[in-house]
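# What the coordinates show
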Amino acid sequence: MARVLIVDDSIDVLTLLQAFFRRRASHEVLIARNGEEGLHQALEHRPDLALVDIMMPGMDGYELIRRLRADPRTESMGILVLTARGQPVDQQAALQTGADAYLAKPVNLEELEAIVDKILSDRSQKAATVLPILSLKGGLGVTTTAVNLALLLQQQASTALWDLAHASGHVALCLGIAPQTHWGAILQQPDMPVTSVIQEHTSRLQVLCAPPIPVTSQELGESQVHRILHALQETATYIVIDTPPILNAATLTVLRLAQEVILLTSHDPAGIQSTLATLQVLRDLRARSLVVHSRPIPSPSPDLDPLSRLMHTSIRMSLPYDCLLYTSDAADELDGVDLGGRRII
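Residues numbered from 1 in each chain as written. Predicted model: local features only at pLDDT ≥ 70, side-chain atom pairs only at ≥ 80, totals over all residues. Heavy atoms only, no water.

Of all 6 residues making up strand E12 (residues 289–294), 5 are buried, and the element is well covered by its neighbours. As judged from the 5 bridges shared by strand E11 (residues 261–265) and E12, these two strands associate in the parallel manner. The residue bridging Ile 262 from the neighbouring strand is Leu 290, located in E12. As a crossover connection, the stretch from E11 through helix H11 (residues 269–285) into E12 is right-handed. With 3 bridges connecting them, E12 and strand E13 (residues 315–319) associate as parallel partners. Among the inter-strand pairings, Val 291 is bridged to a residue of E13, identified as Ile 315. (Buried < 20%, exposed > 50% of the residue type's maximum accessible area, 1.4 Å probe, protein only. Helix = DSSP H or I, 4+ residues; strand = E, 2+ residues; numbered from the N terminus. Pairing = 2+ DSSP bridges. Right-handed = clockwise from strand over helix to strand, strands pointing away.)

This is the structure:
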């Protein structure tokens, strides 16, 4: 199931397409009546695909597409232009602006379904899914969860695991590898290729280790985060990030660029307080999130409905405690879950 945004100033078109996507493809559908509203919806909800009309009052479809392609949060989303302007010059203009495909109105629904399926398939193959694991409350097993998830995803597709801790991260320890290098070396030698600091685990998981001691010369900034993620995306389908419990420039950049932020929570007062604060930060960043209950000690799975109501969000699973990495119980909990538009199987 994908998240689809429809931007059109025609109520009839919005109603028709909304019913079509919900009935025939079971996609989550967002609608907007103009370009400004469409841009706001896209940045807030991060859809997988936008269907954009060209002729709209205020911001037209061309300007909307340009802005979507210019923003790192939406630059890789699929865009299909639907318009009554069906001349070849109009099709060329739409594609040059940044659309993936063009379809003239009135829309043939069979053709629409085929084009949408192709765009979603192509986009899922091209763009790596960035998945930060985060909790501002310590002790919930962020590193263990990140390592487990990365090992699980590696069985499906090429996966990279980035330990974003500023110093003394534990990803390498959990994986039983001796760090030969770390991402801090890129700060010390700006011309160093990112690929030179990536290690390969026996599972073929690509690992970017944390510096063993703090790099005091400078902090990892937005431009370096973009550079590292771009390098990892060249070879990885999934990028799992062990995110430290601090909202510095690097963390905020990762959260903004993520397809899905996996937020760990607990049912104690400190865990609830930290989760509520983090959810507000993610809303401000317009980041998509999946809230997961974590059991850092052996305990039965709690009733998640009261916790969901208290936090005003859906908590879909509770990860079991286990001192071992990549447990079958943890894998069962993740089976069938959509992460950034890709389904875990």
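If you trace the 8 strands from one edge of the open sheet to the other, you get E8-E9-E7-E10-E6-E11-E12-E13, paired in mixed fashion. Each edge of the sheet is formed by a strand with only one pairing partner; in this case those strands are strand E8 (199–200) and E13. Contacting strand E6 (129–134), strand E7 (159–163), strand E10 (238–242), E11 and E13, helix H6 (residues 142–154) crosses the sheet at an angle of about 165° to E10. In the packing of H11 onto the sheet, contacts are made with E6, E11 and E12, and the angle to E11 comes to roughly 160°. (Contact = heavy atoms within 4.5 Å. Axes fitted to C-alpha atoms, helices over the stretch in contact; angles between N-to-C directions.)

Put simply, Lys 105 and Pro 106 share a cis peptide bond, and its omega is -5°. Looking at where Pro 106 falls in the secondary structure, it is placed in the loop between strand E5 (101–104) and helix H5 (109–126). Residue Ser 168 is not a glycine yet carries a positive backbone phi of 55°. Residue Ser 168 is classed as partly exposed on the basis of its relative accessible area of 44%. Located in the positive-phi region is Arg 204, a residue other than glycine, with phi close to 80°.

Moving on, we come to the nonpolar core. Ranked by size, the top nonpolar core spans 43 residues in total, and within it Trp 162, Trp 183, Leu 220, Ile 228, Leu 229, Ile 239 and Ile 241 carry the most contacts. No other element matches the 5 residues that helix H9 (residues 222–233) contributes to this core. In this view, Leu 229 contacts Val 130, Trp 162, Ile 239, Ile 241 and Leu 257; residues no more than four positions away in its chain are not counted. Grouped together as the second largest cluster of nonpolar side chains are 26 residues, Leu 140, Val 147, Leu 153 and Met 317 included. (Core = buried A, V, L, I, M, F, W, Y, C linked by side-chain atoms within 4.5 Å.)

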